[in-house]
Amino acid sequence: DVMKELLGLRNLEEQVEYKLGVKKVLVVAGNSDEDHWVKHELGRASVAELKAKREPSDVIAVMGGTTLAAVAEMMTPDAGMRDVTFVPARGGLGENVENQANTISAELATRAGAQYRLLHVPDQLSEEAYSSLVLEPSIGDILKLIKSARVVIHGIGEANTMASRRGSKSTFIEKIEREQAVAEAFGYYFNREGDIIHKQRTIGLQLDELDNKYVISVAGGESKAEAISAYMKYRPSDVLITDESAARRLLEIE
Ligand code: F6P
């Protein structure tokens, strides 16, 4: 890509790959903290990656958030995705409807001309409700589909931002502050070292079920550098799609 060479982005990508131990890093120009169009550039790069990776009958699991919503907005028709099924990776995590995994997965499928399946579960699940829901045959079927996903695409957020966006209780916010959580992904909170501090109870993919899946992480903005670094310590993804500001900041983290 000539443009990337000119902007020095290819060099930045290599440095971030080395730093995080991630095989493939794609960096788009700009800072998504400041300019909303940068999220759409992240979206464009993510759509290209999804299209390059998809196989005819793939199941692709997607997470929620504003970044993934921007990915969905950039999807375009793809005859090769006709038999691909998009599913939400996990159940409700307290996002607004437009940023929920269900909505984004349906949007991706509709724009691509692919298939989708919804997962209907409430955001807050008691232990008892959780155990009986997973035994429900209709839920069981979609859960099997979700777990069979070969490709997973997800966002990463800052721990505090995500806890307050989800309207978490003050006791929970105090807990993640005390335990110095800096990152959130898939409903899990992580500290700087990439250790799991807390896991939100919801059905769908659990983090220890990502083995053998092709995981694409999409997160940009300087404010997310610490979160990206922490999450990649827990588990380096197959691909990280980020922006220039996050990438430069990532290189400064000790
Ligand atoms: O809540 C779903 C989720 O994917 C979180 O796991 C992640 O931290 C967040 O969304 C990212 O949201 P955004 O792209 O809006 O920063």
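Here the structure is shown first, and the text comes after it.
To start, this report covers the structure provided alongside it.

Basis of the calculations
- Residues numbered from 1 in each chain as written.
- Predicted model: local features only at pLDDT ≥ 70, side-chain atom pairs only at ≥ 80, totals over all residues.
- Heavy atoms only, no water.
- Pairing = 2+ DSSP bridges.
- Helix = DSSP H or I, 4+ residues; strand = E, 2+ residues; numbered from the N terminus.
- Contact = heavy atoms within 4.5 Å.
- Axes fitted to C-alpha atoms, helices over the stretch in contact; angles between N-to-C directions.
- Expected span 1.5 Å × (residues − 1).
- Phe/Tyr/Trp six-rings, centres within 6.5 Å; stacked < 30°, edge-to-face > 60°.
- Buried < 20%, exposed > 50% of the residue type's maximum accessible area, 1.4 Å probe, protein only.
- Parallel < 35°, antiparallel > 145°, perpendicular 65-115°, else oblique.
- Left-handed = near helix turned anticlockwise from the far one by under 90°.
- Nonpolar A, V, L, I, M, F, W, Y, C, P; charged D, E, K, R; others polar.
- Patch = residues over 30% accessible without salt bridge, like charges linked within 9 Å, V, L, I, M, F, W, Y side chains within 5 Å.
- Areas by Shrake-Rupley, 256 points an atom, 1.4 Å probe, with all protein chains shown as cover.
- Salt bridge = Lys/Arg side-chain N within 4 Å of Asp/Glu carboxyl O.
- Lys, Arg positive; Asp, Glu negative; His and termini not counted.
- Charge placed at Lys NZ, Arg CZ, Asp CG, Glu CD.

1. Description of the sheet that holds strand S11 (residues 239–243)
One open sheet holds the 7 strands; their spatial order is S1-S11-S10-S5-S2-S3-S4, and the pairing between them is parallel. Two strands bound the open sheet, and with one partner strand each, they are strand S1 (24–28) and strand S4 (115–116). Packed on one face of the sheet, helix H2 (residues 9–20) meets S1 and S11 and runs near 140° to S1. Sitting on the sheet, helix H5 (residues 101–112) is in contact with strand S2 (59–62), strand S3 (85–88) and S4, with an inclination near 170° to S3.

2. Let's talk about helix H3 (residues 36–53)
Here H3 is 18 residues long and its end C-alpha atoms lie 26 Å apart, about the 26 Å a rise of 1.5 Å per residue gives. Among the structural elements, S1, S2, helix H4 (66–74), strand S5 (151–155), strand S10 (214–218) and S11 are those in contact with the buried residues of H3.

3. A few points about the packing of aromatic side chains
Using the criterion set out here, one finds 4 aromatic pairs in the structure. Here Phe172 and Tyr189 contribute two aromatic rings whose centre-to-centre distance is 5.2 Å and whose plane-to-plane angle is 70°, an arrangement assigned as edge-to-face. Of this pair, Phe172 sits in helix H9 (residues 170–178) while Tyr189 sits in strand S8 (residues 188–191); the two residues are 17 residues apart in sequence, bridging distant segments of the chain. For Phe172, a relative accessible area of 15% puts it in the buried group. Judged by relative accessible area, Tyr189 falls into the buried class, the value being 0%. Here the aromatic rings of Tyr231 and Tyr234 are separated by 6.4 Å at their centres, their planes lie at 35°, and the arrangement is tilted. Pair noted here: Tyr231 and Tyr234 are both in helix H10 (residues 225–234), with a separation of 3 residues, about one helical turn. Three or more aromatic residues link up through ring pairs in this structure, and these residues are Phe190, Tyr231 and Tyr234.

4. Some remarks on the packing of H2 against helix H11 (residues 244–252)
The geometry of H2 relative to H11 is characterised by a closest axis approach of 10 Å and an angle of 45° between their N-to-C directions. Regarding the angle of H2 to H11, the classification is oblique. The crossing of H2 and H11 is left-handed. Residues Leu9, Leu12, Gln15, Val16, Lys19 and Leu20 of H2 form the contact with H11, whose own contacting residues are Glu244, Ala247, Arg248, Leu250, Leu251 and Glu252. The residue makeup of the contact of H2 with H11, split by class, is 7 nonpolar, 1 polar and 4 charged.

5. Points about a negative patch on the surface
On the surface, a cluster of negative charge is contributed by Asp33, Glu34, Asp35, Glu158 and Glu222. Mapped onto the elements, Asp35 comes out in the loop between S1 and H3.

6. Quick word on the pattern of salt bridges
Two side chains bearing opposite charge may form a pair once their charged atoms approach each other closely. Using the criterion set out here, one finds 17 salt bridges in the structure. Across the pair Lys23 and Asp238 runs a salt bridge, and its minimum N-O distance is 3.4 Å. Of the two residues, Lys23 sits in the loop between H2 and S1 while Asp238 sits in the loop between H10 and S11, which places them 215 residues apart along the sequence. Residue classification places Asp238 among the buried positions, given a relative accessible area of 15%. Across the pair Lys24 and Glu49 runs a salt bridge whose closest N-O atoms are separated by 2.8 Å. Taken as a pair, Lys24 in strand S1 and Glu49 in helix H3 lie far apart in primary sequence, 25 residues in all. Take Glu49: its relative accessible area is 5%, and that puts it in the buried class. It is possible to trace a salt-bridge network through shared partners that takes in Arg10, Glu13, Glu14 and Glu17.

7. Observations regarding a nonpolar patch on the surface
Judged by side-chain polarity, Val2, Met3, Leu6 and Leu7 come together as a nonpolar surface patch covering roughly 450 Å² of accessible area. Its location among the elements puts Leu7 in helix H1 (residues 2–7). Residue Leu7 is classed as partly exposed on the basis of its relative accessible area, which comes to 43%.

From the geometry alone we can't say anything about function, so treat these as descriptive.
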